[in-house]
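# Residue-level structure breakdown
Residues per chain, in single letters:
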Amino acid sequence: MDLLVEAYLDYRYRDLGDGMPHIDGMPPSPSDHDGQRVFLSEIELYPNETLIYHGYLGCTPLYPTVTISLWTLAAYCQTHRVCPTFSFQAQCKTLCFLHDLPYQPYLTTQLSAAFDVYLQILWRIDQHLCTALKCDTPNWRLLNTCPTCFYKLKDEPNLDFEWLTLMDGNNSLKRWDSTIYGTNVRLDSHKVQSDFWIDLNTVDKFSGEVRAHVTNPDLGGDNTSIDNMAVETNSAPFSCADQWKNAGPEMQKKMCSVFDESGIFIAACCHRFFIGHQLKLKLLLISIRAKYPLAIIDKLLAVYGKGGTCAYDIGCAFVKTLGNNSLGTRAHQLGFHLMVGAFHGHAHNQKCQLNWHPMYIPGTEHSEGEGCEHIFSASNVLTRGTWHASTFHRHQVIDQHFMFWNDDKYAALSKIFFMCLNHNANIRLSGNFLWNHYREALKSTQTLTVELSVIKAELGIVDDNFSWYILQEHAYLDSLKQPPARDQISIRYVEALDELAERKSLQHAEMLVVHDEIQLAVEARWEIGGDEYNQFKMEARLGKYRTVLNDLERLVVMRLFEPSKLSLSGTGYKLRQQITKALQWHSEAIQNAINCYNIQAVALNPLHLKISWKDITDYSFLGNEDWAKPAHREATTKYFKLCQAHEELMQLNVKICRLRTAIHDEQVQTTAMIEDLHLLDPETR
C-alpha cells in the first residue's frame, strides 16, 4: 500500500488538471484509440503501481483486466458525498453507456473494490499530512473541529458554559442481519480507519454500570444540573416518561430481531459540527441502551473538561441514569449540565419545560438544542445503501458522509467582514451561519425591546415580574400533588363500606374495609348514615372534587398553553404538526377531566357550578393569578427570548474572534511548517 501511496502522490504532482498526468516522451494517455484497453510499457512488482503512475487503478491487486481512472474515482467520491443515493451501480451503468459496453453486475463489484483502495490511499495521505502538520495528537480533531466552540483565546469574556453539545440517537441507519434470509453470517474482517467512531469496548464498559433504572422517573424536577441528581421524585402526574415510549417492548423485540445494527448515536456541537458516533447494536434493555449516551458523555468530559452542557431529548430523565452511574461524580465535579431541546420539549409537560427548556436556562444563547435533527435529516438518505451492506461498507459510507458534512459546515460557518489591517482590505468568508444568527439576534433585540416596552406599560409591570411569574408557576405546579394519604384512605374506606352495603364483591370489599380500619385505627365500624360516615362521606366527595379539580388544572397548565405556540411566526411546520398531535390527544383528556369535574361538582352540598370548554380556554377557573393570564404569559416569553438574544450577541462576538484568530493562526502555522519541510528537502521547492 505504501508503494501505491507514493505512486499516487507522484501522479498528483504530474496532474495536468484534467486527471491525466504529464509523462515525458509519452502521449498524455496510455489508452488505445477506443479508450477501453490500457497497454503498460513496463511492469512493476505490483501492476497497480504502474497503473497509478499513468492515472488509473486496477480492480484486482495482481492481474487487473479492468482499470478505472483516478479522475473517475475522485468524481464519484465527491458526487456520492453530495448525493448519497448515487450508487456504485448507477456509476457503473453511466460508464458502460459512455463506453458503449453492456452493463454487467460484476462491474459494480470491481468498482467497489477499486474505490475501497482509492479511499485507503487518501486516508494514508491524510495521515502523512497530519503527522507533518503536527495534527496527529490525541483528540486533535475533537478539539479543532469547530473553532468557534473550542478555539479559546486569552482574556476573552467568560461564558456561562464553556462548551455546548448535542446528542441523540437515530434508527434510520439500520443494517439487516444476513441470517434472516437463511444464509450464513457474512464475515468481514475489514475495519474503517477513522477517529469518528467510539470504540465498542469503550461503550460496553458502561453496560453493567447502570445500577438502578427508574421505570417512571421524575421529569419535572428542578435539577437541570448534576448537582441535584439525588432529588426525590415528585408525584406521578408530572412524569412525561410515557411520551417517549416510541415502541413498546414487544415491538422492540421484533424490530431488533431482524437487524444486526439498529442505528447510530451521535454527538455534535451547537454549530452542528459532527463530533463522534457509535453503533447501536441489537440491544433490548433500556438500561443497556443507556450505555451509548453514557459513552458519549464520558468522551466529552474527558476531552472538553469542565463547564459544559449537552442537549438530549430525554435529558430530564437521563440525568438520573447519569447520577446512578460512575460518571455521576465526575460530571458533578466538572459542572456538567443537561437540557432538553426546544423541538422535543413540547412533548414534555409544562413543569418539565420550565426546568429543562433552553429558553429558561441562562447561557444557552438562542440555541434550540436540536442540531442532531438537522444532521439526521441529511444522513437519512444513506438508508437505501446501508441496510443490506456489509459492516465495513456501511461504516465507510457513514464515515464519508460525516466527513463531507463537517467540511460543508465549515464552509458555511461564517459570512463576516474582517478588516485586514496590513492590506487595508476586507475579507469575506463564504457561508452564512454566524451571519444569519447575528442578524436575527440584532433584529430580535430591536423588535422585542419595543414590544416589551409597550406591553409593560399597558400591564404596569417591570422586568423583575417575569422571573417572579416563573417562580409562581413553579410553586403552583408543586402544589398540584396527590391528596394527603389519610384523605385517600378515608375516601377508599367510605367507598368500600358502600360497596359492602350494596353486596358487590363481598370478599374483596370486606378485606379492603378491614385493611382501611387498621390503617385509620377505627375501633368500631362506621354505620351507614352515622355521624362519622356522613362526615367522611362529605370528605370523600370533597376529596374526589379536589382530585378531579387538580387533575383538570394540571392538564390545562401543562398542555393547553401550547396553542399560543401554533400562531408564532417562528414555529416551523414540523413543530406545528407535533404540537397539533399532542393537543389532539390532550384535548380529549381535558374533555374527560371536565366531565369528571362536573359530576363531582353537582354531588357536593352546596352544589358547585359546572364549567365548560370556554371556561377552560379562557383560563378563568385558574383564578386571577397574573402568571396564568395570556397577556402576561406572552410577555414572559418575549422577555426570556430577549434575554436569549442578548446572550446570542455577546457569545457571537466571542466566537467570531475565535474563528478569525483560528484562520489566521492556521495560515501562519501551515506556512511555517511548509518552510521547515523545504529546508529538510530543498528539492521539493
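Residues numbered from 1 in each chain as written. Predicted model: local features only at pLDDT ≥ 70, side-chain atom pairs only at ≥ 80, totals over all residues. Heavy atoms only, no water.

## Remarks on the overall build of the protein
On a plain count of helices and strands, the protein comes out with 27 helices and 10 strands. Expressed as a percentage of the 685 residues in the protein, the buried residues total 45%. Put simply, 72% of the contacts in the protein that link residues at least 6 apart link residues at least 24 apart. Total accessible area computed for the protein in this model is approximately 36,100 Å², and 56% of it derives from carbon and sulfur atoms. (Helix = DSSP H or I, 4+ residues; strand = E, 2+ residues; numbered from the N terminus. Buried < 20%, exposed > 50% of the residue type's maximum accessible area, 1.4 Å probe, protein only. Contact = heavy atoms within 4.5 Å. Areas by Shrake-Rupley, 256 points an atom, 1.4 Å probe, with all protein chains shown as cover.)

## Thoughts on the confidence of the model for the protein
Model confidence for the protein is summarised by a mean pLDDT of 75, while 71% of its residues fall at 70 or above. Element-level pLDDT for the protein is lowest in strand β9 (residues 417–420), with a mean of 39, against a maximum mean of 91 in strand β7 (residues 308–311). Counting contacts from residues 245–254, a segment whose pLDDT is below 50, to residues more than four positions away or on other chains yields four contacts. The low-confidence segment residues 281–287, where pLDDT is below 50, has 22 contacts with residues more than four positions distant or belonging to other chains. (pLDDT = per-residue confidence, 0-100.)

## Quick look at the pairing of β7
Covered by surrounding structure in β7 are G308 and C310 together with T309 and A311, the residues of both alternating faces. Looking at chain direction, strand β3 (residues 163–170) and β7 are connected through four bridges and run parallel. Paired with W163 across the strands is G308, a residue of β7. In this sheet, strand β8 (residues 337–339) lies alongside β7 in parallel orientation, the contact comprising three bridges. When the bridges of β8 are listed, T309 appears paired with H337. (Pairing = 2+ DSSP bridges.)

## Description of unusual backbone geometry
The phi angle at K134 is positive, at roughly 60°, despite the residue not being glycine. Examined against the element boundaries, K134 turns out to sit in the loop between α5 (105–132) and α6 (140–144). You will see that R272, though not glycine, has its phi angle at about 70°, which is positive. Residue classification places R272 among the buried positions, given a relative accessible area of 18%.

## Focus: a nonpolar patch on the surface
Residues L3, Y46, L62 and Y63 make up a contiguous nonpolar surface patch of roughly 470 Å² in combined accessible area. With respect to the helices, strands and loops of the structure, L62 is situated in the loop between β1 (56–58) and β2 (67–69). Taking relative accessible area as the criterion, L62 reaches 46% and is therefore assigned partly exposed. (Patch = residues over 30% accessible without salt bridge, like charges linked within 9 Å, V, L, I, M, F, W, Y side chains within 5 Å. Salt bridge = Lys/Arg side-chain N within 4 Å of Asp/Glu carboxyl O.)

## Overview of the environment of R384
For R384, the location among the structural elements is in helix α17 (residues 383–386). Residue classification places R384 among the exposed residues on the basis of a relative accessible area of 73%. Residues R384 and S172, spaced 212 residues apart in sequence, show a C-alpha to C-alpha distance of 9.7 Å.

## As for the nonpolar core
Counting 65 residues, the largest nonpolar core has M167, I297, Y304, F318, L322, F336 and L338 as its most contacted members. Of the residues forming this core, the biggest block, nine residues, is contributed by helix α11 (residues 291–304). Core analysis: the next-biggest nonpolar cluster, separate from the first, contains 24 residues, L4, L70, C77 and C96 among them. (Core = buried A, V, L, I, M, F, W, Y, C linked by side-chain atoms within 4.5 Å.)

## Quick word on the pattern of salt bridges
Considering all chains together, one arrives at 10 salt bridges under this definition. A salt bridge links R124 to D2; its shortest N-O distance comes to 3.1 Å. Taken as a pair, R124 in helix α5 and D2 in helix α1 (residues 2–13) lie far apart in primary sequence, 122 residues in all. With relative accessibility at 29%, the residue R124 sits in the partly exposed group.

## Structural notes on α1
Taking 1.5 Å of rise per residue, the 12 residues of α1 would be expected to cover 16 Å, and the 17 Å separating its terminal C-alpha atoms lies within 8% of that figure. Listing the buried residues of α1 in full gives L4, V5, A7, Y8 and Y11. The buried side chains of α1 occupy one side of the element, clustering within an arc of 165° when seen end-on. Among the exposed residues of α1, those oriented more than 90 degrees off its buried face are E6 and Y13. Tucked inside the fold, the buried residues of α1 contact α2 (47–53), α3 (70–82) and α5. (Expected span 1.5 Å × (residues − 1). Arc of directions from axis to C-beta.)

## Notes on α11
Because the α-helix completes a turn every 3.6 residues, residues three or four places apart line up on one side. Relative to the 20 Å expected for 14 residues at 1.5 Å per residue, α11 spans 20 Å between its end C-alpha atoms, a close match to the ideal helical length. Among the 14 residues in α11, 12 count as buried, and that is most of the element. Looking one or two residues beyond α11, the residue adopting positive phi is G305, at roughly 80°.

## Topic: the side chain of R81
Within the secondary structure, R81 sits in helix α3. Within the buried core, R81 has no salt-bridge partner, and the shortest N-O distance to an opposite charge, that of D407, equals 4.4 Å. A polar atom in the side chain of R81 sits 3.0 Å from the side chain of Q400. With residues near it in sequence (within four places) discarded, R81 still touches Q400, M403, F404 and D407. (Lys, Arg positive; Asp, Glu negative; His and termini not counted. Polar contact = N/O pair within 3.5 Å; in protein donor to acceptor, adjacent residues only side chain to side chain.)

## A word on the packing of helix α19 (residues 433–459) against helix α27 (residues 630–680)
How two helices sit against one another is set out by the angle between their axes and by the gap between those axes. Their axes nearest at 8 Å, the elements α19 and α27 cross at an angle of 150°. The angle between the axes of α19 and α27 places the two elements in the roughly antiparallel class. When the axes of α19 and α27 are compared, the crossing they make is left-handed. Residues that form the contact of α19 with α27 fall into these classes: 17 nonpolar, seven polar and four charged. (Axes fitted to C-alpha atoms, helices over the stretch in contact; angles between N-to-C directions. Parallel < 35°, antiparallel > 145°, perpendicular 65-115°, else oblique. Left-handed = near helix turned anticlockwise from the far one by under 90°. Nonpolar A, V, L, I, M, F, W, Y, C, P; charged D, E, K, R; others polar.)

## Overview of the packing of aromatic side chains
Pairs of aromatic rings are described using the distance from one ring centre to the other and the angle between the two planes. Counting across every chain of the model gives 17 aromatic pairs. Pairing Y8 with Y118 gives two aromatic rings, centres 6.2 Å apart and planes at 75°, and the pair type is edge-to-face. A residue pair is termed long-range when its members are at least 10 positions apart, and Y8 in helix α1 and Y118 in helix α5 qualify at 110 residues. Assigned by exposure class, Y8 and Y118 land together as buried. Residues F265 and Y312 carry aromatic rings whose centres are separated by 5.8 Å and whose planes lie at 75° to one another, so their mutual orientation is edge-to-face. Taken together, the residues span a long stretch of sequence, with F265 in strand β5 (residues 259–269) and Y312 in the loop between β7 and α12 (315–323) at a distance of 47 residues. (Phe/Tyr/Trp six-rings, centres within 6.5 Å; stacked < 30°, edge-to-face > 60°.)

## Brief notes about the packing of α5 against helix α18 (residues 391–411)
Orientation of α5 relative to α18, taken along the N-to-C sense of each, is 55°, at an axis distance of 13 Å. As judged from the angle between their axes, α5 and α18 are oblique. For the element pair α5 and α18, the recorded crossing hand is left-handed. Judged by residue contacts, S112, F115, D116 and L119 of α5 engage F392, H393, Q396 and Q400 from α18.

## What to know about the environment of H388
Mapped onto the secondary structure, H388 falls in the loop between α17 and α18. Taking relative accessible area as the criterion, H388 reaches 43% and is therefore assigned partly exposed. Here the alpha-carbon distance between H388 and K174, two residues 214 residues apart in the chain, equals 8.8 Å.

## Some points on the side chain of K655
Among the structural elements, K655 can be located in helix α27. Taking relative accessible area as the criterion, K655 reaches 5% and is therefore assigned buried. Residues contacting K655, with those up to four places away along its chain left out, are T148, C270, H271 and E365.

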